[in-house]
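The chain contents come next:
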Amino acid sequence: MKLGVNIDHVATLRNARGGIEPSVLDAALICEMAGATAITVHLREDRRHIKDDDVLNLKKNLKAKINLEMAATDEMQKIALDVVPYSCCIVPEKRQELTTEGGLDVISKKDKIKELINALHSKGIIVSLFIDPDKNQVKAAADAGSDYIELHAGAFANAFGCEEQDVEFNKLKDAAEYARNLGLKVNAGHGLNYENVSLMNKIEGLCELNIGHSIVSRAIFVGLEMAVKEMIELI
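All values derive from a computational prediction rather than experimental measurement.

A.B. asks: Got a minute to help me understand the overall build of the protein chain in this structure?
C.D. replies: Each helix and strand in the protein chain was counted, giving 10 helices and eight strands. Considering only C-alpha atoms, the protein chain reaches an extent of 45 × 40 × 35 Å along its principal axes. Here the protein chain, with 235 residues, has 49% of them falling under the buried criterion. In the protein chain, 67% of the contacts between residues at least 6 apart in sequence involve partners at least 24 apart.

Set out below in structure tokens:
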């Protein structure tokens, strides 16, 4: 199992003062050096953290895979086709949300998502769909032609240490098994941290975990390189 580090909140800190520090590129290079195999960035419609130039600079300077999280919009499709990251993860997006609140509803948008996947595939871009651990959504993702799904681990993370923990964990485990049987590769992310991440080792066949907020938060105390290495050790 590999680690993709989401560095959105490095950009959040930079944008708080409107300057150039801390450098998103420098953060990505440190994560790469520490052993992260992918750098994930979410280019939001409102550009609240990652900017267009950040994506271009990362593509130009990184050896690690760039995973671009994006909404299923014409604007983001054009950017992805111009930049050609290693992979794109299609996510739902609401302007007012603080962070992504749930998985993509592939069932209701399957035709549009299939068209987007085909366009990205035409440039050799690997596509993942960020979905809740729901078998109907997993099946829709497979039908749409996605290469991967990324399971939204938020409900499990919120239930960690509570009575519902096992219920939410089993949803992830069952959805991952179902996805693999359909020929999909499986990642997971959202809400994973240094306390709950080790349980992901009990889900067979997970390829990669995408973790951001927890690592950037930990980096305040131990530095970014050590924070990444500690997470890699746990997974």
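A.B. asks: Would you explain the nonpolar core in this entry?
C.D. replies: Inside soluble globular proteins, nonpolar side chains tend to come together where they are buried. If you look at the biggest cluster of nonpolar residues, it comprises 72 residues, and the most contacted ones within it are Ile7 and Leu129. The residues contacting Leu129, other than those within four sequence positions of it, are Ile90, Leu104, Val106, Ile113, Ile117, Ala141, Ser146, Tyr148, Ile149 and Glu150.

A.B. asks: Looking at this model, I keep getting lost on the packing of aromatic side chains. Mind explaining?
C.D. replies: What describes a pair of aromatic rings is the distance from one ring centre to the other and the angle between the planes of the rings. Inspection of the entire model under this criterion finds two aromatic pairs. Note on Phe156 and Phe160: the rings are 6.1 Å apart at their centroids and 70° apart in plane angle, and the pair reads as edge-to-face. With relative accessibility at 28%, the residue Phe160 sits in the partly exposed group. Here Phe156 and Phe169 contribute two aromatic rings whose centre-to-centre distance is 6.0 Å and whose plane-to-plane angle is 55°, an arrangement assigned as tilted. Pair noted here: Phe156 is in helix α7 (residues 154-159) and Phe169 is in helix α8 (residues 165-181), with a separation of 13 residues, a long-range link. Here Phe156 and Phe169 have matching classes, each one buried.

A.B. asks: Would you mind going over the pairing of strand β3 (residues 65-70) with me for this structure?
C.D. replies: Regular strands have side chains that alternate between both faces of the sheet. For β3, a buried count of five out of six residues is recorded, marking the element as mostly surrounded by other parts of the structure. With five bridges connecting them, strand β2 (residues 38-42) and β3 associate as parallel partners. Note that in β3 the partner of Thr40 across the bridge is Asn67. Taking the sense of rotation as the criterion, the β-α-β connection linking β2, helix α3 (residues 52-61) and β3 turns out right-handed. Pairing geometry for β3 and strand β4 (residues 87-90), over four bridges, is parallel. Pairing of Met70 across the sheet is with Ile90, part of β4. What joins β3 to β4 is helix α4 (residues 74-83), and the crossover it makes is right-handed.

The rules behind these values
Residues numbered from 1 in each chain as written. Predicted model: local features only at pLDDT ≥ 70, side-chain atom pairs only at ≥ 80, totals over all residues. Heavy atoms only, no water. Helix = DSSP H or I, 4+ residues; strand = E, 2+ residues; numbered from the N terminus. Buried < 20%, exposed > 50% of the residue type's maximum accessible area, 1.4 Å probe, protein only. Contact = heavy atoms within 4.5 Å. Core = buried A, V, L, I, M, F, W, Y, C linked by side-chain atoms within 4.5 Å. Phe/Tyr/Trp six-rings, centres within 6.5 Å; stacked < 30°, edge-to-face > 60°. Pairing = 2+ DSSP bridges. Right-handed = clockwise from strand over helix to strand, strands pointing away.

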